[in-house]
Amino acid sequence: LIRILKRIIQKNKLLVTKETTILEQHNQLSQMHSREQQMLQDKMNLQVQAIVNQLNPHFLKNVLNWIQVKTISVPEATQVIGKLGANIEIIFRNSKERKPYHSLKDELMLVENYLFIQQTRYQEKLKFQVPDINEIINLENVQVPLLSILTHVENAAEHGIKNAVNGGHIIVQILQPKSDFIHIKIED
């Protein structure tokens, strides 16, 4: 009986050892699978980045400059193309550098350029007011998420002004910073 019990104990130890080995192999395979998935994700990200890099901002800027030259007799079109080119340049620069944040000054430039383009589109139906660069000079180092203000201004223009019978006015204000916060107010 003792010999049989010793054999059973030995077989159980052998079984536990084999189970441990199988679990370790399973974990290794799982880790390999996880690494392969990460590599596939990285590959897809690189492919997307390659496409973005092929859509070279210099190419777009050159095309827009060419269109500006061709529309020189239409000052409004030349100005709209210039503003659009400036916005594309800011957005591409930040995308290329993988920066989700940029200066408040750059964000307000995007906003002002966008509103100029929309004002050209809607004519007298849209008026706007954005902070003067001198008003925010002391906030030069403030970083904001890319397109965070512009998105709200677009909403105001597309839903507030576009549907307004008599037009409207968009006002973007930077209220004085209090402690660690800056308050940005967008009205339509």
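Residues numbered from 1 in each chain as written. Predicted model: local features only at pLDDT ≥ 70, side-chain atom pairs only at ≥ 80, totals over all residues. Heavy atoms only, no water.

**Some words on unusual backbone geometry**
Part 1: Of note in this structure, glutamine 123 is not a glycine but carries a positive phi near 55°.
Part 2: One can find glutamine 123 in the loop between helix H4 (104-122) and strand S2 (126-129).
Part 3: Residue classification places glutamine 123 among the partly exposed positions, given a relative accessible area of 42%.
Part 4: Located in the positive-phi region is leucine 147, a residue other than glycine, with phi close to 65°.
Part 5: Mapped onto the elements of the fold, leucine 147 is located in the loop between strand S3 (143-145) and helix H5 (148-161).
Part 6: For leucine 147, a relative accessible area of 27% gives the class partly exposed. (Helix = DSSP H or I, 4+ residues; strand = E, 2+ residues; numbered from the N terminus. Buried < 20%, exposed > 50% of the residue type's maximum accessible area, 1.4 Å probe, protein only.)

**Focus: the side chain of glutamate 107**
Part 1: Of note, glutamate 107 is situated in helix H4.
Part 2: Look at glutamate 107: it is buried, it has no salt bridge, and the nearest opposite charge is arginine 93 at 9.8 Å.
Part 3: A polar contact is formed between the side chain of glutamate 107 and the side chain of histidine 102, at a distance of 2.6 Å.
Part 4: When sequence neighbours within four positions are dropped, the list of residues in contact with glutamate 107 reads His102, Val144, Pro145, Leu146, Leu147, Ser148, Ile149 and Leu150. (Lys, Arg positive; Asp, Glu negative; His and termini not counted. Salt bridge = Lys/Arg side-chain N within 4 Å of Asp/Glu carboxyl O. Polar contact = N/O pair within 3.5 Å; in protein donor to acceptor, adjacent residues only side chain to side chain. Contact = heavy atoms within 4.5 Å.)

**Structural notes on the packing of aromatic side chains**
Part 1: Under the criterion given, the structure shown has zero aromatic pairs.
Part 2: One residue, lysine 83, lies across the ring of phenylalanine 116, its end atom 5.3 Å from the ring centre. (Phe/Tyr/Trp six-rings, centres within 6.5 Å; stacked < 30°, edge-to-face > 60°. Lys NZ or Arg CZ within 6 Å of the ring centre and 35° of its normal.)

**Points about the nonpolar core**
Buried together is how nonpolar side chains tend to be arranged in soluble globular proteins.
Part 1: Counting 22 residues, the largest nonpolar core has Leu104, Val111, Leu115, Val153, Ile170 and Val172 as its most contacted members.
Part 2: Where this core is concerned, the elements lending two or more residues are H4, H5 and strand S4 (168-178).
Part 3: Counting residues per element, this core draws most heavily on H4, which supplies seven residues. (Core = buried A, V, L, I, M, F, W, Y, C linked by side-chain atoms within 4.5 Å.)

**Examining the environment of asparagine 113**
Part 1: In this fold, asparagine 113 is placed in helix H4.
Part 2: Residue class for asparagine 113 comes out buried when judged on its relative accessible area of 5%.
Part 3: For the pair formed by asparagine 113 and methionine 32, sequence separation is 81 residues and the distance between their alpha carbons is 49 Å.
Part 4: Filtering out sequence-adjacent residues up to four positions away, asparagine 113 remains in contact with Lys83, Ala86 and Asn87.

**Let's talk about the side chain of asparagine 87**
Part 1: Mapped onto the elements of the fold, asparagine 87 is located in helix H3 (residues 75-96).
Part 2: For asparagine 87, a relative accessible area of 9% puts it in the buried group.

**So, the packing of H3 against H4**
Between two packed helices, the angle of one axis relative to the other and the distance separating the axes together describe the packing.
Part 1: Following both chains from N to C, one finds H3 and H4 inclined at 150°, their axes separated by 9 Å at the closest point. Overall, the two elements H3 and H4 adopt an arrangement that is roughly antiparallel. Crossing geometry of H3 relative to H4 is assigned as left-handed. The residues of H4 that touch H3, namely those facing Glu76, Gln79, Val80, Lys83, Leu84, Ala86, Asn87, Ile90, Ile91 and Arg93, are Asp106, Met109, Leu110, Asn113, Tyr114, Phe116, Ile117 and Thr120.
Part 2: A class-by-class count of the residues in the contact of H3 with H4 yields ten nonpolar, four polar and four charged. (Axes fitted to C-alpha atoms, helices over the stretch in contact; angles between N-to-C directions. Parallel < 35°, antiparallel > 145°, perpendicular 65-115°, else oblique. Left-handed = near helix turned anticlockwise from the far one by under 90°. Nonpolar A, V, L, I, M, F, W, Y, C, P; charged D, E, K, R; others polar.)

**Details of the environment of isoleucine 2**
Part 1: Tracing the backbone shows isoleucine 2 in helix H1 (residues 2-54).
Part 2: Judged by relative accessible area, which is 63%, isoleucine 2 ranks as exposed.

**Here's the deal with the pattern of salt bridges**
Part 1: A full pass over the atoms with the stated rule returns five salt bridges.
Part 2: Residue glutamate 124 is joined to lysine 127 by a salt bridge in which the shortest nitrogen-to-oxygen separation is 3.3 Å.

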